[in-house]
Amino acid sequence: VNEVELNLGCEYRWYAEGRTRFLSSAFAETPQGEPVAPRKSAVFYNPFSKLSRDLTVIAVQSYFQTPVLVGEPLAGSGVRGIRLLAETDRVQHAFLNDINPTAVRVIRENARINNVSERVTISQLDGNIFLTQHSRHGNRFGYVDVDPVGAPVRFLESALRACDSGGMIGVSATDLAALTGRSAQACLRKYDALTFVSGFSKELAVRILVGSVARTAARLGLGVKPLLSFSHRHFVRIFVSTSKGKAAASETKQNVGWFFFCPECFTTLATEMSNPPSRTCPNCKRWGRLAGPLWTSETADRNLLARMLDASSNYTDAQNMLRKLLEEDTSMIGFYSVAELARGMRTSPVSPSVLIQKLRENGFRATRTHADPGGVKTDAPPAAVRSIARDLLRTMRVP
Ligand SMILES: C[S@@+](CC[C@H](N)C(=O)[O-])C[C@H]1O[C@@H](n2cnc3c(N)ncnc32)[C@H](O)[C@@H]1O
Ligand SMILES: [Zn+2]
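These numbers were taken from a predicted model, which means no experiment stands behind them. (Residues numbered from 1 in each chain as written. Chains lettered and ligands numbered in written order. Predicted model: local features only at pLDDT ≥ 70, side-chain atom pairs only at ≥ 80, totals over all residues. Heavy atoms only, no water.)

Trainee: Sorry, what's going on with the pattern of salt bridges here?
Mentor: Side chains that carry opposite charge are capable of pairing whenever their charged atoms lie near each other. Scanning all chains against the criterion turns up 19 salt bridges. Residues E17 and R83 are paired through a salt bridge, measuring 2.8 Å at the closest nitrogen-oxygen approach. On the criterion of sequence distance, the pair formed by E17 in strand β1 (residues 12-17) and R83 in helix α3 (residues 79-87) is long-range, its members being 66 residues apart. The burial state of E17 is the same as that of R83; both residues are buried. (Salt bridge = Lys/Arg side-chain N within 4 Å of Asp/Glu carboxyl O. Helix = DSSP H or I, 4+ residues; strand = E, 2+ residues; numbered from the N terminus. Buried < 20%, exposed > 50% of the residue type's maximum accessible area, 1.4 Å probe, protein only.)

Now the structure itself:
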């Protein structure tokens, strides 16, 4: 293929991901090899979201038993949908949509290059109109992928309406300033949720996003269950399964609530929506922080994660992430950072794996977290964590 033949209306480059070769706009790179403002390029493609696409491929392959229809309202270069067609045998047909006419030309070319044109329908509509056109029973998707720049909130309701009961939805968010609490006002405005800055902000970001999807679903008489949730580099990504009915919706809503954190003594507390906690710390009586509504239960389905891990041998980065996610016990909210713990005790940090082992020996639950290599999740009370860490440091000093 040469440039004259293609006439894509933009300067393009060849890329490869998984088993797929494709075209998208050329982007400028920083000295660190990061893309410079991919949102300003003629057709959006960010190589640093590859992990999100790899895990999408593996999730679709592992979740569905039979081929389904896929809907991508914000397809960009089409790489995600085309990879789903080329790298799984669980997609019957993909509907790829983008509002940008240059993106639509690039999607058409990429489908042709990858020999999947017959199984792709391409459109150039506003994402919500596209999804609404697929919201009637018989016309819905098994898998819907919402991958915007920024917050996904404006597409959530129509994505849920366009997804079959028993289907799956993947949602990304890149507005980390809002979700991690650096811009708490933006979080309140967009996600209708309170938040605060802490060492475990990336986990709260995931929980606020899952909570937002769950609340939107419940309102529509749908239930959702988180299958896989993670934060990585510039984005947060979640996958949920959907199911129709009041019972599922009510059950979903029960997993959305409030989270209290005391930055003085590290006391944490999760409560139901109907029972917001007091801002006064029940332990030290000082003024604590409140986040929510957010998802207070597990943010992953371990059975699916294990199946995904089995299917991930060709995807090294995804495999590493899946291993971390399988290790993590997401029924506990928040985590300690060993560095922060050490600063508070004016000592040097202990190794997270040694601390985890000691906590377990003392009868507590403890795991690592994908969100921070120096993070430790545990149900041990803060005083016990400190005393165990202190004991560890003492024994470590003995030659
Ligand atoms: C982050 S990019 C998608 C990247 C792609 N999913 C991938 O994995 O590479 C977001 C895309 O949404 C498109 N977009 C923005 N607003 C839209 C809207 N209201 N309706 C449809 N597409 C829209 C942009 O043109 C852009 O291509
Ligand atoms: Zn306290």
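Past the structure itself, the notes keep going.
Trainee: Before we go on, may I ask you to explain the site of ligand 1 in this structure?
Mentor: The environment of ligand 1 is made up of 20 residues, and the closest members are R80, D98, D126, G127 and D147. The separation between an oxygen atom of ligand 1 and a polar side-chain atom of D98 is 2.7 Å. Look at ligand 1: alone it shows 600 Å² of surface, and the protein chains cover 85% of it. For the shell around ligand 1, the class distribution of residues is ten nonpolar, four polar and six charged. (Near = heavy atom within 4 Å. Polar contact = N/O pair within 3.5 Å; in protein donor to acceptor, adjacent residues only side chain to side chain. Areas by Shrake-Rupley, 256 points an atom, 1.4 Å probe, with all protein chains shown as cover. Nonpolar A, V, L, I, M, F, W, Y, C, P; charged D, E, K, R; others polar.)

Trainee: Even after reading the chapter, I still don't get the coordination of the zinc ion (ligand 2), so can you show me in this structure?
Mentor: When a metal carries six donors in an octahedron, the ideal angles between them are 90 or 180 degrees, while four donors in a tetrahedron ideally lie at 109.5 degrees. Looking at the zinc ion (ligand 2), one finds its protein donor set to be C262 (SG), C265 (SG), C281 (SG) and C284 (SG), positioned 2.2 to 2.3 Å from the metal centre. Within one chain, the residues serving as donors to the zinc ion (ligand 2) are arranged as C-x2-C-x15-C-x2-C. Of this pair, C265 sits in the loop between β10 (256-261) and β11 (268-272) while C284 sits in the loop between β11 and β12 (289-295), and the two are 19 residues apart along the sequence. Overall, C284 belongs to the partly exposed group, its relative accessible area being 22%. (Donors = N, O, S within 2.8 Å, 3.2 Å for Na, K, Ca; no water.)

Trainee: Is there a simple way to explain the packing of aromatic side chains in this structure?
Mentor: The geometry of an aromatic ring pair comes down to the distance between the two centres and the angle between the two planes. Using the criterion set out here, one finds 14 aromatic pairs in the structure. Note on Y15 and F22: the rings are 5.7 Å apart at their centroids and 25° apart in plane angle, and the pair reads as stacked. Each of the two residues, Y15 as well as F22, counts as buried. A centroid spacing of 5.6 Å and a plane angle of 50° characterise the contact between F95 and F141, whose relative ring orientation is tilted. Of this pair, F95 sits in strand β4 (residues 91-97) while F141 sits in strand β6 (residues 141-146); the two residues are 46 residues apart in sequence, bridging distant segments of the chain. Here F95 matches F141 in class, with each residue buried. Three or more aromatic residues joined by ring pairs make a cluster, and in this case those are F196, F200, F259, F261, F266, F335 and Y336. In this structure, R21 packs its charged tip against the face of W14, placed 4.3 Å from the ring centre. (Phe/Tyr/Trp six-rings, centres within 6.5 Å; stacked < 30°, edge-to-face > 60°. Lys NZ or Arg CZ within 6 Å of the ring centre and 35° of its normal.)

Trainee: Teacher, can you tell me more about the packing of helix α2 (residues 50-63) against helix α11 (residues 302-310) here?
Mentor: The geometry of a pair of packed helices is captured by two quantities: the angle between their axes and the separation between those axes. Close contact between α2 and α11 brings their axes to 9 Å; oriented N to C, the two are set at 110°. Classified by the angle between their axes, α2 and α11 sit roughly perpendicular to one another. Relative to α11, the crossing made by α2 is right-handed. Contacts from L55, I58, A59, S62 and Y63 of α2 reach α11 at L304, R307 and M308. Tallied by class, the residues present in the contact of α2 with α11 amount to six nonpolar, one polar and one charged. (Axes fitted to C-alpha atoms, helices over the stretch in contact; angles between N-to-C directions. Parallel < 35°, antiparallel > 145°, perpendicular 65-115°, else oblique. Left-handed = near helix turned anticlockwise from the far one by under 90°. Contact = heavy atoms within 4.5 Å.)

Trainee: Which parts of the structure should I look at to understand the pairing of strand β7 (residues 163-173)?
Mentor: Both faces of the sheet carry side chains from a regular strand, because those side chains alternate between them. Counting buried positions along β7 yields eight of eleven residues, so the element is predominantly enclosed. Of the pairings in the sheet, the one linking β6 to β7 comprises five bridges and is parallel in character. Bridging across to β7, V146 finds its partner in V171. Once the chain exits β6 it traverses helix α6 (residues 153-161) before rejoining the sheet at β7, and the crossover so formed is right-handed. (Pairing = 2+ DSSP bridges. Right-handed = clockwise from strand over helix to strand, strands pointing away.)

Trainee: Would you take a moment to explain the sheet that holds strand β13 (residues 336-337) for this structure?
Mentor: Paired through their backbone hydrogen bonds, the strands of a sheet run either parallel or antiparallel. The antiparallel open sheet is built from three strands, whose spatial order is β13-β15-β14. Edge positions in the sheet fall to β13 and β14 (366-369), since each of these pairs with one other strand and no more. In this sheet, strand β15 (residues 372-378) lies alongside β13 in antiparallel orientation, the contact comprising two bridges. Along β15, the bridge assignment pairs Y336 with V376.

Trainee: Sorry if this is basic, but what is going on with unusual backbone geometry here?
Mentor: Peptide bonds are trans in most cases, and residues, glycine excluded, mostly fall at negative phi. Residue P293 follows G292 across a cis peptide bond; omega there is 0°. Here the phi dihedral of N115 falls at roughly 55°; this positive angle occurs in a residue that is not glycine. With respect to the helices and strands, the residue N115 is situated in the loop between α4 (101-113) and β5 (120-123). Assessed through its relative accessible area of 69%, N115 is described here as exposed. At F266, a residue that is not glycine, the phi angle is positive and equals roughly 70°. When you line up the elements, F266 lands in the loop between β10 and β11. By relative accessible area, which is 17% here, F266 ends up buried.

Trainee: Help me understand the side chain of R80 in this model?
Mentor: Tracing the backbone through its elements, the reader meets R80 in helix α3. On the accessibility criterion, R80 (3% relative accessible area) is buried. A distance of 2.9 Å separates the side chain of R80 from the side chain of S52, its partner in a polar contact. Only 3.1 Å separates the side chain of R80 from the side chain of T56, close enough to count as a polar contact. In contact with R80, not counting residues within four places along its chain, are S52, R53, T56, E72, D145, D147 and R237.

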